Amino acid sequence: MALTKSEREVFLAEPHVAALSVEAEPGRAPLTVPIWYHYTPGGRPWVLTGTESRKLNLIRAAGRFTLMVDEVSPRLQYVSVSGNAVDMVAGTRDDLREMASRYLPPQAVEPYIEMAEKEHGPQTKLYLDPEQWVSLDLGSLGDLPAV
């Protein structure tokens with residue numbers, strides 16, 4: 001039921017929305033927020049986030065974060081990958097285009113880029129150096145026993 005390395009990489013390469021989790025201040029639960037991500041099998045996942053965002057400040061302080069991606073229809077499957085935050089660099093318009101093209105229909109990409117540059121401000125491109133993987137495939141939801 002755990003995915004093979006190849007299966008989890010193929011799954012992670014699909015355009016799902018991830019939940020990003022990072023250690024928050026002492027006495028608080030981790031900050032967990034939805035985020036777009038990019039991944040190519042064999043590479044390192046990366047995200048774009050506001051250069052002055054709370055999540056980026058927490059990632060800088062913790063030095064690591066987790067991405068968890070799931071799919072519940074038509075099957076129950078997930079991949080979670082944790083590791084060090086590495087290679088934080090200024091995000092570019094090309095990075096924004098690459099990310100938006102992964103999630104949006106072609107006609108929506110340029111309008112999204114224009115809005116994002118105006119509304120979200122400068123972005124930082126941040127890579128995750130994968131260290132821990134957790135994955136599961138419970139198969140088709142139609143195959144699960146009734147409760």
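Quick note: structure is the one above.
Residues numbered from 1 in each chain as written. Predicted model: local features only at pLDDT ≥ 70, side-chain atom pairs only at ≥ 80, totals over all residues. Heavy atoms only, no water.

A.B. asks: When you look at the environment of Val134 in this model, what are you seeing that I'm missing?
C.D. replies: The topology assignment puts Val134 in strand β6 (residues 123-140). With 54 residues separating them along the chain, Val134 and Ser80 place their C-alpha atoms 5.1 Å apart. Excluding its chain neighbours within four sequence positions, the residues that come into contact with Val134 are Tyr78, Val79 and Ser80. (Helix = DSSP H or I, 4+ residues; strand = E, 2+ residues; numbered from the N terminus. Contact = heavy atoms within 4.5 Å.)

A.B. asks: What is the right way to read the nonpolar core from this model?
C.D. replies: Within the largest apolar cluster, 33 residues are counted, with the highest numbers of intra-cluster contacts made by Tyr37, Phe65 and Leu67. Among the elements that line this core, the one with the most residues is helix α3 (residues 93-103), at 4 residues. Once you skip the residues sitting within four places of it in the chain, Leu67 turns out to touch Ala18, Ala19, Leu20, Ile35, Tyr37, Pro45, Val47, Val79, Ser80, Val81 and Leu128. (Core = buried A, V, L, I, M, F, W, Y, C linked by side-chain atoms within 4.5 Å. Buried < 20%, exposed > 50% of the residue type's maximum accessible area, 1.4 Å probe, protein only.)

A.B. asks: Hey, could you run me through the packing of α3 against helix α4 (residues 106-119) in this one?
C.D. replies: Interhelical geometry of α3 versus α4 gives an angle of 130° and a closest axis separation of 10 Å. The angle between α3 and α4 falls in the class oblique. Between α3 and α4 the crossing geometry is right-handed. Contact residues: Arg93, Leu96, Arg97, Ala100 and Ser101 in α3; Val109, Glu110, Tyr112, Ile113, Glu114, Ala116 and Glu117 in α4. The residue inventory of the contact of α3 with α4, partitioned by class, reads 6 nonpolar, 1 polar and 5 charged. (Axes fitted to C-alpha atoms, helices over the stretch in contact; angles between N-to-C directions. Parallel < 35°, antiparallel > 145°, perpendicular 65-115°, else oblique. Left-handed = near helix turned anticlockwise from the far one by under 90°. Nonpolar A, V, L, I, M, F, W, Y, C, P; charged D, E, K, R; others polar.)

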